[in-house]
Amino acid sequence: MHFRIYSQSRRSTFEGPENTAYLTQLPSLPLSDLLAAPAALTTQSHTITSSLTALTHTSYPTFLSLHKSSTALRGSLSSLDSSLNALLDSALPALDDAARVFREKSGPSVIEERQKTRVVLEQQDKLRDLLDIPILIDTCVRNGLYSEALTLSAHATSVLTALCTLNSTGGSISSSLQLARSLQSEVASSLHSMRLLLLGTLFEPPKKLPALWKAAQFLRRMQAMPEDELALTFASARIECLRSALQNLERDVGVSSAATFDSNDNITGTTAEDREKQLDRQADDVSRFLKKYIDAWREGAYDIITQYTTIFLERSHAGGLSASSSTAQPTPAIKQTLLPTLLSLLLPPLRTHLGRAYPHLAPLSTQLAYCSSAMARVGMDFRTLLSQLITQAVVDGFTRDLGIGADREWNLLFSRYASGKNKSAAPSTWLVSAVQPLPSLSTLVIHPSAPTHIPPEILTSFPPLAISLNAYLRALNRLRLLAPFDAVNGVTSVLESSLSKTGQELLTYAMECGARDKELDILRAGGAAYARVMVPFLRRAAVEGVFGAPNSSQADGDEMMHTMSRSKEDNVLEIVLQKWENWLGDGT
């Protein structure tokens, strides 16, 4: 048995490839080499053995480590072999079964999700462009690029509509519909902001026709509201801008259109001249305010009418719109109510302040006439309304002049000498001049042909009447700056009301003072000077001298006066004059 194993080992040794090559080479070697071969082999064997022995002694830790590693490797390989066998026998079949079950249960949904993901990846650029549209629209709106914003909105609407249609035909509601609705809401929000900005443009006072026309056109393209509503919104917005500008002007000047007419109590002064100067300063301030107010209203109203006409009534010729593409014009009621609304911003302040600007009404009247002519070119002629306003302002101003002038002068004189505790003062102490002789009753008349611009010199004999006449003449001279003939009735009514009050007070004093002899003659002369000289002269001075009405005789003048003046005050003056004539006749 041992021999067999030895034989097998020798056979395996000789059958090695290196030994076979060596054995094959031996027959070809010479004899000397063959004889020397055993000794050489022995030497090499001893050398190798010595080397191996030395190596063993010097590197024994390496051999021990190699042995330990080999042993561990053999154990690991054995464990790996068993693990692989277990994997092949049990784990892989179980994994295959689990994969089969997963594919059967979750395969369709996963495949569908993968398909959706693949589609999203393929359409990534288009989706990004679609998602950027709301941001782009907001940017365009903020920068005033409204046309580009509407173009983007139309593109987004068409794309989203097609997407919704595609999903609805597929028979299923997917997340793309939610995305489409979200994008539609964002686009609608951006367009809402754009609509608010465009409507805000209509309420900006500095905007002119090009900007307003552009805003109205974009609102039409957006179909934000019907044409009638758009026109009404435009008119209301521009009127509000004009109203705000006029209110700012009132605040700057310190007046209000709702202010009441100033009374004469705030006009103080020792003389009529001082009171007139103070009144003129106030009138000058009001006049400057009204000039600015009228100019601002004229420019604003003219712009509103031309803008409305251009944008809403002439659109078929503007912007290249054809008759087929343009919408219907707004209802004419808007244009018809626009003019009265604009006038409501002008006429009430004029009614309030125009009388306070007296006597500086002439330039204001010219300015209003120019304003009316300018507005008449756009179909807004209101001259007939101005005549009544100016007439009333003249009458109010003349009334105020008499109040602070003639009436106050007479009240001061009369209260000093003929009222209260001084009621018993003799007429000779104040009613007649001490340096001039007392005129007779026959001379106290005024000739019908006497000039109306020269006061009767005979009244200088009666200082109170002369002072009062001078105050009346100052008021009439101020009236000459602007005296419309329509104001003749009002002016004569105010004048005769003031004269009737003066005459009644003087008559009451004459009847109650108990004068005798010379004092009675002075009273009769003063009454005749009042009733037969002062009143007729002032009547003619007002009618002929100021208004230029022809008058050939005193009777004709009285008849004309009665024709033009038919108010209660006129009747009162006639009653007072009749009382004076009766008293003078009784005295005779």
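The coordinates are above.
Let me sum up the structure you'll find in this document.

Reading the values: the criteria
Residues numbered from 1 in each chain as written. Predicted model: local features only at pLDDT ≥ 70, side-chain atom pairs only at ≥ 80, totals over all residues. Heavy atoms only, no water. Core = buried A, V, L, I, M, F, W, Y, C linked by side-chain atoms within 4.5 Å. Buried < 20%, exposed > 50% of the residue type's maximum accessible area, 1.4 Å probe, protein only. Helix = DSSP H or I, 4+ residues; strand = E, 2+ residues; numbered from the N terminus. Contact = heavy atoms within 4.5 Å. Axes fitted to C-alpha atoms, helices over the stretch in contact; angles between N-to-C directions. Left-handed = near helix turned anticlockwise from the far one by under 90°. Nonpolar A, V, L, I, M, F, W, Y, C, P; charged D, E, K, R; others polar. 1 Å grid on protein atoms, 1.4 Å probe; cavity = no way out; pocket = protein on both sides within 12 Å on 5 of 7 lines; lining within 4 Å. Points joined across faces, edges and corners; volume = space filled by probe spheres on them. Salt bridge = Lys/Arg side-chain N within 4 Å of Asp/Glu carboxyl O.

### Digging into the nonpolar core
Argument step 1. Judged by nonpolar contacts, the single largest core of 128 residues is most densely connected at Trp297 and Tyr530.
Argument step 2. In terms of residue count, the dominant contributor to this core is helix α18 (residues 517-546) (15 residues).
Argument step 3. With residues near it in sequence (within four places) discarded, Tyr530 still touches Leu465, Leu499, Ser500, Gly503, Leu506, Val535, Pro536, Leu573, Val576, Leu577 and Trp580.

### Section: the packing of helix α9 (residues 209-222) against helix α11 (residues 272-313)
Argument step 1. At a minimum axis distance of 10 Å, the contact between α9 and α11 shows a crossing angle of 35°. α11 is crossed by α9, and the crossing has right-handed handedness. Judged by residue contacts, Leu209, Leu212, Trp213, Ala216 and Arg220 of α9 engage Gln307, Thr310, Ile311 and Phe312 from α11.
Argument step 2. A per-class count over the contact of α9 with α11 returns six nonpolar, two polar and one charged.

### Notes on the side chain of Ser153
Argument step 1. The residue Ser153 is located in helix α7 (residues 146-169) in this model.
Argument step 2. Since its relative accessible area comes to 7%, Ser153 is described here as buried.
Argument step 3. Among residues more than four places away in sequence, those in contact with Ser153 are Ile137, Val187 and Leu191.

### Considering empty space enclosed by the protein
If a probe the size of a water molecule is rolled over the atoms, the empty space left behind becomes visible.
Argument step 1. Counted according to the given criterion, the structure contains two cavities of 30 Å³ or more.
Argument step 2. Considered as a void within the structure, the second largest cavity measures approximately 30 Å³ in volume.
Argument step 3. Surrounding the second largest cavity, Glu276, Asp401, Ile404, Gly405, Ala471 and Ala475 form its lining.
Argument step 4. Among the secondary structure elements, those contributing two or more residues to the lining of the second largest cavity are α14 (383-404) and α16 (463-479).
Argument step 5. Class assignment for the residues of the lining of the second largest cavity results in three nonpolar, one polar and two charged.

### Re the pattern of salt bridges
Argument step 1. With the rule as written, the count across this model stands at 20 salt bridges.
Argument step 2. Among the salt bridges present, the one from Glu273 reaches Arg474, with a minimum N-O distance of 3.7 Å. On the criterion of sequence distance, the pair formed by Glu273 in helix α11 and Arg474 in helix α16 is long-range, its members being 201 residues apart.
Argument step 3. When its relative accessible area of 35% is taken as the criterion, Glu273 is described as partly exposed.

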